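# Overview (structure and organization)
Chain residues, written in single-letter form:
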Amino acid sequence: MSAERLSTGRALARLLPFVRPALPRLIGGIVAGLLAGLVALAIPQVLQVLVDSALQEGDSSAVLPAVLVIVGLGVFEAVAILVRRWLVLTPNTRVEASMRNALYAKLQALPVAFHDRWPSGQLLSRAVSDLNLIRRWLAFGVVLLVVNGVTVIVGAVLLFGINPLLGAVFLASALPIWIVAMRFEKRYSRAARRSQDQAGDLATAVEESVHGIRVLKAFGRGPHALRKFERQAEELYGTEMEKARAIAFIWRWLTLIPDGTLAVCLVVGAVLAAQGALTPGELVAFFATATVLRFPIESIGFLLAFTLDARNATDRYFEVLSEPVTISDPEDPENIADPRGRLEFRGTRFRYPDAAAGTPDLLDGVDLVLEPGETVALVGLTGSGKSTLTALPSRLYEVTGGAVVLDGVDVRRLRLAELRRHIAMAFEDATLFSDTVRENVLLGSEDRSEETLAEALEVAQAHFAYELPDGVETVIGEEGLSLSGGQRQRLALARAVAAKPSVLILDDPLSALDVETEELVEAALRRVLASTTALVVAHRPSTVMLADRVAVLEDGRITAVGRHSELLATNEHYRFVISSLEDDDELDDEDARDAESGERDGDRDETSRRAEVSA
Ligand SMILES: Nc1ncnc2c1ncn2[C@@H]1O[C@H](COP(=O)(O)OP(=O)(O)O)[C@@H](O)[C@H]1O
Ligand SMILES: [Mg+2]
């Protein structure tokens with residue numbers, strides 16, 4: 001995705017800051033590996049002495065010491081290899097963990113707009129499989145790359161030393177190997193990046209279908225989702241096959257070329273020996289050395305593939321890590337000395353980055369003041385930008401023009417932690433975490449007392465929480481899916497209330513409640529809202545009644561502000577919007593929602609109550 005592509009070395013060098021703590025052990029591992037490689041190369045040299053002095057010249061006194069030296073060297077090599085493995089295995093686990101923590105911290109810091117753009121499976125695969133690959137490459141790839149590289153170079157020098165002509169023949173094979181390696185790199189790296197991206201897409205598909213399993217089942221779309229998944233899996237399979245073919249290609253040549261070279265060396269060596277230009281010991285040492293170099297040369301293919309994979313994994317990791325955090329604390333933040341909760345939209349403009357060119361801004365200069373303690377209802381057609389507007393004060397999205405001002409301070413001039421202490425939100429799609437009811441409700445509260453919890457649950461009419469198997473200590477399922485939509489919304493509302501903010505922002509918080517429960521919540525909210533400034537996106541006329549004033553959002557601006565009755569009498573657009581809200585009511589949203597999310601035991605009380613209402 002980056003405009004200019006780094007070289008593989010430069011790309012991998014970005015890992016250095018994370019690898020630094022593990023560096024001593026990694027270097028130790030490389031040294032141990034080098035020792036093992038050099039010892040392996042020393043054995044043929046002893047062999048040469050053995051053959052030439054002991055066997056050739058009939059001096060058998062040198063045989064035993066030479067054999068002992070060879071055995072000793074062999075044992076040393078084995079120990080060095082063990083030490084190498086022991087040194088490199090554990091430290092990289094810590095490297096992987098620290099890289100993963102950095103990624104998680106980054107994901108928390110990145111603005112909502114980033115998460116709008118990035119599918120979760122892509123982030124998941126980067127956090128899991130890419131980092132796993134990088135760890136394995138650091139443990140084996142880097143070390144073998146250095147160790148095998150040095151072994152091949154030292155071995156080639158030794159071959160030259162034994163016989164320059166034979167050495168030259170051997171070295172000549174480097175050219176075809178280099179050509180093969182270059183072709184391989186081109187073929188492989190193309191497929192490798194694609195396969196990692198496709199694996200991320202596949203993860204997204206799994207995540208999405210597990211997430212939406214109820215919808216898929218209810219609409220009988222399971223087989224369709226399966227076919228789509230199979231198609232994606234098939235694509236990934238194709239890419240993996242492409243990689244496998246590239247690897248087969250380089251393996252073939254990396255076996256054939258050294259074999260061919262050795263055959264030529266054998267002929268040349270035999271001729272040289274016949275002419276007396278080469279002793280039998282030198283011939284044995286040459287081929288023994290060449291045999292030691294076999295594995296390091298063959299491993300070029302595998303190490304090249306491994307390194308290219310690691311490079312892509314590193315790219316994918318840093319693509320996320322280098323995303324700019326566009327919404328962050330200001331350099332010299334201001335404080336709100338006396339939080340009163342006066343919220344002002346001052347010529348506020350906003351457009352989504354992916355909005356079609358040539359269209360007007362979604363929010364095109366919103367002017368609205370909420371005085372301390374005042375409750376303002378926000379009314380507008382679906383898609384008019386109400387939810388977007390409510391996300392701006394706490395800087396979930398950044399305004400693209402104008403400002404949002406809290407108690408006289410531009411919200412961009414406040415520390416995010418402070419800002420979000422003053423403003424609490426409840427969203428329409430109530431998100432809960434797999435934790436206890438208590439933790440979910442007190443998520444944003446500094447005051448974790450029992451009274452705060454009880455009061456918040458009372459205001460949100462969430463008494464059902466006490467009737468759950470373990471009361472407020474009940475762990476609710478992932479995303480609260482073990483609760484009904486209405487129950488989730490009430491807990492989310494309780495969470496916003498429990499935070500005791502000076503400004504409460506409720507984006508359609510009661511939409512999933514039945515009329516009766518909504519009335520109870522509203523009565524309780526009215527008590528809370530008396531002391532708190534509130535911006536409430538209204539879904540039903542009854543919510544509008546809750547407000548001191550109503551603001552109408554139309555074409556990206558607040559076109560009218562007033563009391564409900566005034567606006568009804570004077571504002572055409574308001575009448576139109578309100579009548580469309582009333583139509584919505586007749587559809588009885590909760591029935592529709594609960595059918596989608598599936599009825600649960602905890603919801604029985606509501607179900608029967610609704611039955612009475614409709615009876
Ligand atoms: N995350 C987003 N990225 C891009 N466009 C969005 C995003 N969220 C909402 N929109 C668009 O912005 C417009 C207003 O959405 P929203 O603020 O949710 O309206 P409302 O809450 O009034 O129904 C819609 O046209 C919607 O498609
Ligand atoms: Mg909305």
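Residues numbered from 1 in each chain as written. Chains lettered and ligands numbered in written order. Predicted model: local features only at pLDDT ≥ 70, side-chain atom pairs only at ≥ 80, totals over all residues. Heavy atoms only, no water.

## Examining the overall build of the chain
Across its full length, the chain holds 24 helices and 10 strands. Taken over the C-alpha trace, the chain has a radius of gyration of 35 Å; the compact-globule value for 615 residues is 25 Å, which it surpasses by more than 25%. Judged by the C-alpha coordinates and their principal axes, the chain covers about 120 × 50 × 45 Å. Within the chain, the proportion of its 615 residues that are buried is 47%. In the chain, once contacts between residues fewer than 6 apart in sequence are set aside, the share between residues at least 24 apart is 79%. Within the structure as shown, the chain displays about 29,700 Å² of accessible surface, and the carbon and sulfur contribution to it stands at 61%. (Helix = DSSP H or I, 4+ residues; strand = E, 2+ residues; numbered from the N terminus. Rg over C-alpha atoms; globule rule 2.2 N^0.38 Å. Buried < 20%, exposed > 50% of the residue type's maximum accessible area, 1.4 Å probe, protein only. Contact = heavy atoms within 4.5 Å. Areas by Shrake-Rupley, 256 points an atom, 1.4 Å probe, with all protein chains shown as cover.)

## Thoughts on the packing of helix H5 (residues 91–109) against helix H7 (residues 120–162)
The interhelical angle for the contact between H5 and H7, taken along N-to-C directions, is 155 degrees, at an axis separation of 9 Å. With respect to H7, the element H5 is oriented roughly antiparallel. Here H5 and H7 pass one another in a crossing that is right-handed. Contact with H5, carried on its side by Asn92, Thr93, Val95, Glu96, Met99, Arg100, Leu103 and Leu107, involves Leu123, Arg126, Ala127, Val128, Leu131, Asn132, Ile134, Arg135, Leu138 and Ala139 of H7 and no other residues of that element. When grouped by side-chain class, the residues that make up the contact of H5 with H7 number 11 nonpolar, 3 polar and 4 charged. (Axes fitted to C-alpha atoms, helices over the stretch in contact; angles between N-to-C directions. Parallel < 35°, antiparallel > 145°, perpendicular 65-115°, else oblique. Left-handed = near helix turned anticlockwise from the far one by under 90°. Nonpolar A, V, L, I, M, F, W, Y, C, P; charged D, E, K, R; others polar.)

## Points about helix H16 (residues 450–459)
What H16 keeps buried is the set Thr452, Leu453, Ala456, Leu457 and Val459. Projected down its long axis, H16 carries its buried residues within an arc of 160 degrees, all on one side. Where H16 is buried, its residues contact helix H15 (437–441), helix H17 (464–467), helix H18 (485–498) and helix H19 (515–529). Of the residues flanking the end of H16, it is Gln461, one or two places downstream, whose phi is positive at about 55 degrees. (Arc of directions from axis to C-beta.)

## Here we look at the nonpolar core
Within the largest apolar cluster, 37 residues are counted, with the highest numbers of intra-cluster contacts made by Val437, Val441, Leu457, Leu491, Leu506 and Leu525. Secondary structure elements with two or more residues in this core: strand S6 (423–426), H15, H16, H17, H18, strand S7 (503–507), H19 and strand S8 (533–537). Looking at this core element by element, the count peaks at 6 residues for H18. Look past the residues within four positions of Leu525 in its chain and what remains in contact with it is Val459, Leu493, Val497, Leu506 and Leu546. (Core = buried A, V, L, I, M, F, W, Y, C linked by side-chain atoms within 4.5 Å.)

## Regarding the domain arrangement of the chain
Here the chain is partitioned into domain 1 (12–321) and domain 2 (343–614). A straight line from the C-alpha centre of domain 1 to that of domain 2 covers 56 Å. (Domains from an automatic or database assignment.)

## Things to note about the site of ligand 1
Neighbouring ligand 1 are 13 residues; Asp116, Gly383, Lys386, Ser387 and Thr388 lie closest to it. At 3.0 Å, a backbone N or O of Gly385 approaches an oxygen atom of ligand 1. Relative to its unbound accessible area of 560 Å², ligand 1 is 62% covered by the protein chains. A per-element tally of the shell around ligand 1 places helix H13 (residues 386–391) first, with 3 residues. (Near = heavy atom within 4 Å. Polar contact = N/O pair within 3.5 Å; in protein donor to acceptor, adjacent residues only side chain to side chain.)

## Thoughts on the pairing of strand S9 (residues 549–554)
In this sheet, S9 lies alongside strand S3 (residues 375–379) in parallel orientation, the contact comprising 4 bridges. Bridge pairing in S9 links Leu378 to Ala551. Hairpin connection of S9 to strand S10 (residues 557–562): 2 residues between the antiparallel strands, including Asp555 at a positive phi of 50 degrees. (Pairing = 2+ DSSP bridges.)

## With respect to the side chain of Asp309
For Asp309, the location among the structural elements is in helix H12 (residues 280–321). One buried charge, Asp309, has no salt-bridge partner; the nearest side chain with opposite charge is Lys243, at 4.2 Å. Side-chain polar atoms of Asp309 contact the side chain of Tyr188, separated by 2.9 Å. Excluding residues within four positions of it along the chain, Asp309 makes contact with Leu133, Tyr188, Ala192, Gln196 and Lys243. (Lys, Arg positive; Asp, Glu negative; His and termini not counted. Salt bridge = Lys/Arg side-chain N within 4 Å of Asp/Glu carboxyl O.)

## Side note on unusual backbone geometry
Phi at Lys500 takes a positive value of approximately 45 degrees, unusual for a residue other than glycine. Checked against the element boundaries, Lys500 lands in the loop between H18 and S7. For Asp555, which is not glycine, the phi dihedral falls at a positive 50 degrees. Along the chain, Asp555 falls in the loop between S9 and S10.

## Brief notes about the sheet that holds strand S4 (residues 401–406)
The 4 strands are arranged S2-S1-S4-S5 in an open sheet whose pairing can be described as antiparallel. Lying at the two open borders of the sheet, with one neighbouring strand each, are strand S2 (363–370) and strand S5 (409–410).

## Observations concerning a negative patch on the surface
Taken together, Asp201, Glu230, Glu234 and Glu235 make up a surface patch of like negative charges. Ranked by residues supplied to the negative patch, first place goes to helix H11 (residues 222–274) with 3 residues. Relative to the assigned elements, Glu234 resides in helix H11. (Patch = residues over 30% accessible without salt bridge, like charges linked within 9 Å, V, L, I, M, F, W, Y side chains within 5 Å. Charge placed at Lys NZ, Arg CZ, Asp CG, Glu CD.)

## Points about the packing of aromatic side chains
Under the defined criterion, the tally for this structure stands at 10 aromatic pairs. Between the aromatic rings of Phe302 and Phe306, the centroid separation amounts to 5.8 Å while the plane-to-plane angle is 35 degrees, which identifies the pairing as tilted. Placement of the pair is Phe302 and Phe306 together in helix H12, with a separation of 4 residues, close to one helical turn. The class for Phe306 is buried, based on a relative accessible area of 10%. Summarising the aromatic geometry, the rings of Tyr317 and Phe318 are spaced 5.2 Å apart at their centres and angled 90 degrees between planes, so their arrangement reads as edge-to-face. (Phe/Tyr/Trp six-rings, centres within 6.5 Å; stacked < 30°, edge-to-face > 60°.)

## Brief notes about the sheet that holds S8
Judged by pairing direction, the sheet is mixed, and its 6 strands sit side by side in the order S6-S7-S8-S3-S9-S10 without closing on themselves. The open sheet has two edge strands with one neighbour each: S6 and S10. On average, each strand axis in the sheet is inclined to that of its neighbour by 20 degrees, with strand direction left out of account. Two strands pair when backbone bridges link them, and S6 and S7 are joined in this way by 4 bridges, in the parallel orientation. What sits directly across from Met425, in S7, is Ile505.

## Here's the deal with the pattern of salt bridges
Counted under the stated rule, the structure contains 32 salt bridges. Close ionic contact of Glu398 with Arg395 constitutes a salt bridge, the shortest N to O distance being 2.7 Å. Among the residues examined, Glu398 registers a relative accessible area of 22% and is labelled partly exposed. Put simply, Arg448 and Glu439 hold a salt bridge, and the shortest N to O gap is 2.8 Å. The network of salt bridges with shared partners includes Arg126, Asp130, Arg193, Asp197, Arg316 and Glu319.

## Overview of the packing of helix H8 (residues 164–172) against helix H9 (residues 174–211)
Between H8 and H9, the least distance of the axes is 5 Å, while the angle of their chain directions is 15 degrees. It follows that H8 is roughly parallel to H9 by the angle criterion. Mapping the contact onto sequence places Phe170, Leu171 and Ala172 in H8 and Ala174, Leu175 and Pro176 in H9. When the residues that make up the contact of H8 with H9 are grouped by side-chain class, the tally is 6 nonpolar, no polar and no charged.

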